[in-house]
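# An overview of the molecular structure
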Amino acid sequence: MAGEIPDLVAQERAGTGKGAARAARRAGMVPGIVYGGDNDPLPIQIPFNDLLKKLKAGRFLATLWNLKVDGHDDVRVICRNVQRDVVKDLPTHLDLMRLRRTSRVNLHIPVEFINEDAAPGIKRGGVLTVVRADVELNVLAGDIPEKIVVDLTGLEIGDTVTISMVNLPDGVKPTIDRDFVIANVSAPSGLRGGGDDEDETETETVATEVEPDPEA
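These lines cover the structure that appears in this document, whether it is placed above or below. On a predicted model such as this, the values are computed, not experimentally measured, just so you know.

Attention now goes to the sheet that holds strand S9 (residues 134-140). Pairing between the strands of a sheet comes from backbone hydrogen bonds, and it takes one of two forms, parallel or antiparallel. Strand order in the open sheet formed by four strands is S10-S7-S9-S12, with mixed pairing between adjacent strands. The strands lining the two open edges of the sheet, one partner per strand, are strand S10 (148-151) and strand S12 (173-174). In this sheet, S10 lies alongside strand S7 (residues 104-114) in parallel orientation, the contact comprising four bridges. Residue pairing in the sheet places Ile 114 in a bridge with Asp 151 of S10.

Here it is, written out as structure tokens:
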């Protein structure tokens, strides 16, 4: 589970609107807004380099942050949106939402696959096809998992991993109300390509087993 909540240091921004936002950017800052909870929206700005470093580190939108702004109490927030320049793909604005530890929020949590060497299908040349590299889950703001783990032990060619096969942490549940596919083990290209009559028969059997789930 997530450990210590990291700090996100910002400054209160004077003024709102496009003019104030442009002034913040000229000063090397990224403007933003903090909303939600029992307080009024708070205009903020974050040093561009600090924000860019955190974005490049990954999972920025899936992280619960401890927002620190001079003159205001620390508050837990989560980023709801980062607007980017359409040409340079650099951050130009961000929206932060205040949360309580007991608040529930939908987040995309990354998936980690383990024990490939214990999957007979992969050892025989099968290919792990990842359908979802992350899964949207409903979680407590004070207890966000860093990842969910999929154990590939025992998987054969044609086997499929669905969300019901994953041990989710207590209090965590998928936002999609069906047993969706996360990954599958596909037949190796040699089998898919066909060969003599015996190989063609085997290929047809495997192809039937790995037919994609239409609800994936």
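Any two aromatic rings considered together are summarised by their centre-to-centre distance and by the angle between their planes. Across all of its chains, the model carries one aromatic pair by this definition. Here the aromatic rings of Phe 60 and Trp 65 are separated by 5.1 Å at their centres, their planes lie at 40°, and the arrangement is tilted. An identical accessibility class is assigned to Phe 60 and Trp 65; each is buried.

Most of strand S2 (residues 29-35) is tucked away, with five of its seven residues classed as buried. Between S2 and strand S3 (residues 42-47), which pair antiparallel in sequence order, lie six residues; one of them, Gly 36, sits at a positive phi of approximately 95°. Pairing of S2 with strand S6 (residues 91-99), which is carried by four bridges, proceeds in the parallel orientation. Directly across from Tyr 35, in S6, lies its bridge partner Met 97.

What counts and what doesn't
- Residues numbered from 1 in each chain as written.
- Predicted model: local features only at pLDDT ≥ 70, side-chain atom pairs only at ≥ 80, totals over all residues.
- Heavy atoms only, no water.
- Pairing = 2+ DSSP bridges.
- Helix = DSSP H or I, 4+ residues; strand = E, 2+ residues; numbered from the N terminus.
- Phe/Tyr/Trp six-rings, centres within 6.5 Å; stacked < 30°, edge-to-face > 60°.
- Buried < 20%, exposed > 50% of the residue type's maximum accessible area, 1.4 Å probe, protein only.

These figures capture arrangement, not role.
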